[in-house]
Amino acid sequence: MRRALAVVWMVAGGWSGCWSEPVHPTVAPGAAAGPPATPACTPQLTVVTEPEFRKRIVLAGSELRIAVDSDDGKTDGATVVYPETASSVLFSWTSWGPYGRPAGGDTLYRVDCASKALTVVARVAGADFGHSARTRDGRTIYYSAIGGVWGLDLATRTQHRVTPSVTLATCGDREVPTDDAGSAAPWIALSAVRQLIDDDATLIYEDGDNCGFEGDWDSTVHYVDHPERTGGTPYTPRPVGPVVADAGGALYAVMDAVVWRSADRGDHWQRAALPGGGGDAPTEVVADDQHPGYLAALTTVPGDPFRLAQRFAVTRDGGRTWTVLPSPPLAATEHVDIGLGDGSLDQLRVWGSQVVANGSLDDAAWQWGGDPADWQLLDPTPPRPAAAPPSPVLAGIRFAASPHGLLRYRPGNSKPTRVFPQ
C-alpha cells in the first residue's frame, strides 16, 4: 500500500494547497536582514503515538496533527529553526504529502519565545521551507520547491530561481505513483536543499521525484556555486586531493588520479599525466621548494589487493615529462607516503613497511639516491610527513582542496571561488 499522509493545520495561516511554481512571495514586515543570533529558544517538538497511527507534534503551544499509515517507517517531514533576534526564532515544518508533494512547508513562521505566538513571515505557494538553508547574515533563505531551488531575500521581499527546472517527465522503469484509488498520480520533480558551505559560496541540494515503491526518495546530489545568482549550473562534486605550489608559483592539483598544473593561479589548467596512466586510486604529489617545476608523485595502481602496485615518478619540467622509478622493497601495506627530506627532490623519501626477522611488518622509510633503482633504507626511520599538506598561498591568495573542487580565497574576501575542475 502506498503511503498516505495528510496534514491538518491547527495554527494561524492555514494551508493554501496551491502547488504552482513559486512566485510573488508574501513577506511580512519585520523580516529585515541582520546577523543571526544564538537561538533565543528552541521550539519543543514532542511526538506521541496515538491510536490509528496518529502522531501529534506540539510546537510552542500550537498543535499540528499528522496522520500516517502503518507502513510509514521514516521520519515525518523536516523541521528547521533559525535564530532571528534575542527573543524570536524562525520556524518551518514540512511533510512529504500525498504522492510525494511537500505539504505545509509553504509558510515560514516567526516564533515569539515569550508569548509562544506564531506569525507568518513569508508564504510562497509550492515552497518547502522545511528543506532549506539560510545564509550566515540571515538575509536569504534558499528553499526547496517542486522543480527546482529558489532563493528568498527577506529584506527586499524578492526571490530568484537558483537552479534550472527539472525536465524529466516520466518514471522510466520505476513504479508509477498512484493515488488511494489506484489511479496514476501526477509525476512530480522535487528538490531538497541540504546546506550551504564555503561561507555561503556553494549550495548543496538533491533532485528527485515521487517515483518508486512506496514513494521512496530516489535522488541525486548536486552542488551549485554562487546561489545568490539566477540560473546557476549544477554539478556533481569531484574531490580534489593534495594541492601544492612549486618554487616558481605554479599550482599542482590531484584529481581522478591525474596531476593537473596551473601557471596563472588557478585560471587555467593543463593535464600533467604520468606516463602509463594513474589508475583509480588517489595520487600524492610533493613539490620541491627550491627548484621550479621539480615534483615527485605517487600513484596507486589497481589490480592486486594483496600486494602494493605503486608507481613513483619524478619530473623536472613541471610535469611535461616524467621519469618512472622502480619501487623500493615495500612489503604488503595499506598506507604508503612520499615526502622530501629537506624540501628538495634530492631527498625524495618513501614510507611503507618491510618484513623484519620474526616475519612481522615494521614501518620503514627509503630515500632515493638519484639513480632510478637507488633506494637506501633509512635507519632510524624518520617520522612520516603530515597527513594533509598546508594550503599553498601565492601573493596572498590561498588555495584549498575540498571534496567538491579546488577553492581560491582572495585577500579580504572570505567567500571562495571554485577554480577547478572547470
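Since we're looking at a predicted model, the values are computed, not measured. (Residues numbered from 1 in each chain as written. Predicted model: local features only at pLDDT ≥ 70, side-chain atom pairs only at ≥ 80, totals over all residues. Heavy atoms only, no water.)

Looking at the packing of aromatic side chains
Under the defined criterion, the tally for this structure stands at five aromatic pairs. Between the aromatic rings of tyrosine 223 and tyrosine 235, the centroid separation amounts to 5.9 Å while the plane-to-plane angle is 35°, which identifies the pairing as tilted. Taken together, the residues tyrosine 223 in strand E17 (residues 220–225) and tyrosine 235 in the loop between E17 and strand E18 (243–245) connect sequence positions twelve residues apart. Residue class for tyrosine 235 comes out buried when judged on its relative accessible area of 12%. Ring pairs connect the aromatic residues Trp260, Trp269 and Phe420, which therefore count as one cluster. The lysine or arginine in question, arginine 398, covers the ring of tyrosine 409, its NZ or CZ lying 4.2 Å from the ring centre. Residue placement shows arginine 418 over the ring face of tyrosine 235; its charged tip is 3.6 Å from the ring centre. (Phe/Tyr/Trp six-rings, centres within 6.5 Å; stacked < 30°, edge-to-face > 60°. Helix = DSSP H or I, 4+ residues; strand = E, 2+ residues; numbered from the N terminus. Buried < 20%, exposed > 50% of the residue type's maximum accessible area, 1.4 Å probe, protein only. Lys NZ or Arg CZ within 6 Å of the ring centre and 35° of its normal.)

Some points on the state of the cysteines
Taken as a whole, this structure holds one disulfide when the rule is applied. The disulfide partner of cysteine 41 is cysteine 113, and the gap between their sulfur atoms is 2.0 Å. Classification of the bridge connecting cysteine 41 and cysteine 113 rests on its S-S torsion, roughly -75°, and on that basis the disulfide is left-handed. Taken together, the residues span a long stretch of sequence, with cysteine 41 in the loop between strand E2 (26–27) and strand E3 (47–50) and cysteine 113 in the loop between strand E9 (107–112) and strand E10 (118–123) at a distance of 72 residues. A relative accessible area of 23% means that cysteine 113 is categorised as partly exposed. (Disulfide = S-S within 2.5 Å.)

Quick word on the sheet that holds E18
Judged by pairing direction, the sheet is antiparallel, and its four strands sit side by side in the order E18-E19-E20-E21 without closing on themselves. Every other strand in the sheet has two partners, leaving E18 and strand E21 (270–271) as the edge strands with one partner each. Here strand E19 (residues 251–255) runs beside strand E20 (residues 258–262); their pairing, made up of five bridges, is antiparallel. Along E20, the bridge assignment pairs leucine 251 with serine 262. (Pairing = 2+ DSSP bridges.)

Focus: the sheet that holds strand E13 (residues 148–153)
As summarised here, the arrangement of the four strands in space is E11-E12-E13-E14, forming an open sheet in which the pairing is antiparallel. Sheet topology places strand E11 (127–134) and strand E14 (158–161) at the edges, where each strand pairs with a single neighbour. The average angle at which neighbouring strand axes cross in this sheet is 30°, direction not considered. With five bridges joining them, E11 and strand E12 (residues 140–145) adopt antiparallel strand pairing. In the strand pairing of E12, serine 132 is matched with tyrosine 143. (Axes fitted to C-alpha atoms, helices over the stretch in contact; angles between N-to-C directions.)

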